[in-house]
Amino acid sequence: RATDRAQAEAMAAQKREAQEREAQEAAARDAQAEASREREAARRQAAEQQRQRQAAAQAAERERLAALERRQLAADAVGRELLADVVAAEARRIFFSPEVAEEMEPRHAAAT
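Each chain carries its own residue numbering, running from 1 in the written order of its sequence. Thresholds applied to this predicted model are a pLDDT of at least 70 for local features of residues and 80 or more for the giving and counting of side-chain atom pairs; totals over whole chains, interfaces and linings are not thresholded and use all residues. Based on all heavy atoms of the structure, the side-chain values leave hydrogens and waters out of the count.

Draft legend 1. Quick look at the pattern of salt bridges. The term salt bridge refers to a side-chain nitrogen of Lys or Arg lying within 4 Å of a carboxyl oxygen of Asp or Glu. Applying the stated rule across the entire model yields seven salt bridges. Between Arg43 and Glu40 there is a salt bridge, with the nearest N and O atoms lying 2.6 Å from each other. Of this pair, Arg43 and Glu40 both sit in helix 1 (residues 2-95), separated by three residues, roughly a single helical turn. Note on Glu40: relative accessible area 26%, which makes it partly exposed. In this structure, Arg70 and Glu63 form a salt bridge, with 3.0 Å as the shortest nitrogen-oxygen distance. On the basis of relative accessibility, which here comes to 46%, the residue Arg70 falls in the partly exposed class. Salt bridges linked by common partners bring Glu40, Arg43 and Arg44 together as one network. The secondary structure listing takes helices from DSSP runs of H or I that are at least 4 residues long and strands from runs of E that are at least 2 residues long, numbered from the N terminus. For each residue, the accessible area found with a 1.4 Å probe, counting protein chains only, is set against the maximum for its type, and the residue is called buried under 20%, exposed over 50%, and partly exposed in between.

That is the geometry; function is a separate question.
Okay, here's the thing in structure tokens:
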């Protein structure tokens, strides 16, 4: 009987040890799975932050190009205005030159 009881106690102890090992292994697997989920979440967050930085950089570049285009359009408009002023001044200079006045005088005198 003592050997039966000792044998039963030994088997029970082995069973407890096996259960403890299984529980430890399950806990280790759970911890690994949790760490893997945390790494994946961190990777996703980093990817999202990178996407947001790229989107912000692209928006800033679009705004910079739009501002450059606005400045170019304004410069073009100023250039056209200056050219029109130069053409008008040249036309006035030619129209009101003494040579033109002399040419127009005989016609005017002949018309009267």
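From this point on, the discussion continues.
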